[in-house]
Amino acid sequence: MLRFVLRRLASGVVLTVATSVVTFFLLYAAGGNIARRILGPQATTVGIRAKQHELGLDRPILAQFGHWVSHALRGDFGSSWFDNLPVTQVIGDRLPVTLSLVVGATLVTAVVSVLLGVLAARRGGWIDRLVQFVSMLGFAVPSFLVAIALVLVFAIKLGLVAPTGYTRFTDSPSGWLSSIVLPVIALSIGSVSGVAQQIRGSLLDAQRQDWVRVLRSHGLPESRVLYLHMLRNAAGPALSVLGLQFVSLIGGAVIVEQIFAVAGLGQAAVSATSQGDVPVVMGLVIVVGAIVVVLNLLVDLLLGWLNPKVRRA
């Protein structure tokens, strides 16, 4: 088990490093005159050169990358070029916001997907067709359209929640819940479709297996066969899809955070990329990469716990 964990962590680190290298060089290839952007259109040539020297932009790109790596290995990701805040502070302030949305959407996706998948597999007929239609509709409609519709109906027309903004949990738990409920729903709509279809398909496949007929022939209650055995068998493939959905939700949060004016990692990524704020973008790459690596490891460990065959492999 320890060898497996170390192997997966090592592969994740290699992938994160490769992504960082590519991102760094792409940013500089498309960066333009960053010093002029920072100082504004009225900046003089002398001022621009002084700013470039201050940021190290007058050095070769390999030297700049080596400087960033040497500091990043010590946990120093530098400061934002545009607001002079430490990158760790910029990310630390916004990470809880994005995690609230993504984790909340993942939990909603898991619960609703199980309910829809079980309902479709058990009932069949028109209920199955209705569940499939609703799932495909949720998959087809873009999340930003869902977000706009939710704002118009529940925030503007009904006035049930605030249309924009984010309240920290430590400031007000009820305000925090009210501020994330619409973004979480908008994020989870599309994810529910894929996971629900996966659970439905796995349950229908399990119903045709010999081991399910043996359990029923032994007189086990149908609910126990379904929830204790069949659903656990279906949980493996669904968990893999849910893990992929978690990663995609981080990307989807970029648009949703813009619509709901929520200051999360997505909003920071859009702003930093458009400005060419290299330290912030690189810090975001490392943090998101670390989240993906840890998530994939947890999914693999859960799959091994659910399925002995996977654990032995």
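The structure presented is a predicted model; accordingly, all values stated were derived computationally and were not measured.

Re helix H6 (residues 125-140)
Step number 1: For H6, spanning 16 residues, the distance from its first C-alpha to its last is 23 Å, which sits close to the expected 22 Å at 1.5 Å a residue.
Step number 2: Residues of H6 that are buried: Asp128, Val131, Ser135 and Gly138. The buried residues of H6 all sit within an arc of 95° when viewed along its axis, so they share a single face. Every exposed residue of H6 that faces more than 90 degrees away from the buried side is listed here: Trp126, Arg129, Phe133 and Ala140.
Step number 3: Summarising the contacts, the buried residues of H6 are in contact with helix H5 (87-123) and helix H8 (173-207).

Overview of the environment of Leu244
Step number 1: Looking at the element boundaries, Leu244 is found in helix H10 (residues 222-259).
Step number 2: Separated by 34 residues in the primary sequence, Leu244 and Val278 have C-alpha atoms spaced 27 Å apart.

Details of the packing of H6 against H8
Step number 1: Relative orientation of the contacting elements H6 and H8 amounts to 140°, with a least axis distance of 7 Å. Relative to H8, H6 is oriented so that their crossing is left-handed. Packed against H6, whose contacting residues are Asp128, Gln132, Ser135, Met136, Gly138 and Phe139, the element H8 presents Ile189, Gly190, Ser193, Ala196, Gln197 and Arg200 at the interface.
Step number 2: Split by residue class, the contact of H6 with H8 holds four nonpolar, six polar and two charged.

Describing the side chain of Thr106
Step number 1: Of note, Thr106 is situated in helix H5.
Step number 2: Under the relative-accessibility criterion, Thr106 is labelled buried at 12%.
Step number 3: Look past the residues within four positions of Thr106 in its chain and what remains in contact with it is Leu242, Phe246 and Leu249.

A word on the pattern of salt bridges
Step number 1: This structure, assessed with the given rule, holds one salt bridge.
Step number 2: Close ionic contact of Lys51 with Glu54 constitutes a salt bridge, the shortest N to O distance being 3.5 Å. Of this pair, Lys51 and Glu54 are both found in helix H3 (residues 45-55), three residues apart, which corresponds to roughly one turn of the helix.
Step number 3: Here Lys51 falls in the buried class, since its relative accessible area comes to 14%.

Some remarks on the confidence of the model for the protein
Step number 1: Here the protein shows a mean pLDDT of 81. Residues at 70 or above account for 95%.
Step number 2: No element of the protein has a lower mean pLDDT than helix H13 (residues 308-312), at 56, and none a higher one than H5, at 87.

What about the packing of H5 against H8?
Step number 1: Relative orientation of the contacting elements H5 and H8 amounts to 35°, with a least axis distance of 5 Å. Regarding H5 and H8, the two cross each other, and that crossing is right-handed.
Step number 2: Along the lines of polarity and charge, the residues of the contact of H5 with H8 split into 20 nonpolar, eight polar and one charged.

A closer look at H5
Step number 1: Here H5 is 37 residues long and its end C-alpha atoms lie 52 Å apart, about the 54 Å a rise of 1.5 Å per residue gives.
Step number 2: Maximum bend of H5: about 30°, positioned at Arg94, with proline Pro96 one to four residues after it.
Step number 3: Following H5 by one or two positions, Gly124 has its phi on the positive side, about 65°.

A short note on empty space enclosed by the protein
Step number 1: Counting across every chain of the model gives two cavities of 30 Å³ or more.
Step number 2: Of the pockets and cavities examined, the largest cavity occupies roughly 40 Å³.
Step number 3: Forming the walls of the largest cavity are Leu95, Thr98, Leu99, Val102, Ile250, Leu265, Val288 and Ile291.
Step number 4: Of all the secondary structure elements, the ones that give two or more residues to the lining of the largest cavity are H5 and helix H12 (278-306).
Step number 5: Sorting elements by how many residues they give to the lining of the largest cavity places H5 first, with four residues.
Step number 6: What the second largest cavity holds in volume is close to 40 Å³.
Step number 7: Lining the second largest cavity, in full, are Ala162, Pro163, Gly165, Ser178, Ser179, Leu182, Pro183, Phe260 and Val262.

Analysis parameters
- Residues numbered from 1 in each chain as written.
- Predicted model: local features only at pLDDT ≥ 70, side-chain atom pairs only at ≥ 80, totals over all residues.
- Heavy atoms only, no water.
- Helix = DSSP H or I, 4+ residues; strand = E, 2+ residues; numbered from the N terminus.
- Expected span 1.5 Å × (residues − 1).
- Buried < 20%, exposed > 50% of the residue type's maximum accessible area, 1.4 Å probe, protein only.
- Arc of directions from axis to C-beta.
- Contact = heavy atoms within 4.5 Å.
- Axes fitted to C-alpha atoms, helices over the stretch in contact; angles between N-to-C directions.
- Left-handed = near helix turned anticlockwise from the far one by under 90°.
- Nonpolar A, V, L, I, M, F, W, Y, C, P; charged D, E, K, R; others polar.
- Salt bridge = Lys/Arg side-chain N within 4 Å of Asp/Glu carboxyl O.
- pLDDT = per-residue confidence, 0-100.
- Bend = angle between axes of the 7 residues up to and from the residue.
- 1 Å grid on protein atoms, 1.4 Å probe; cavity = no way out; pocket = protein on both sides within 12 Å on 5 of 7 lines; lining within 4 Å.
- Points joined across faces, edges and corners; volume = space filled by probe spheres on them.

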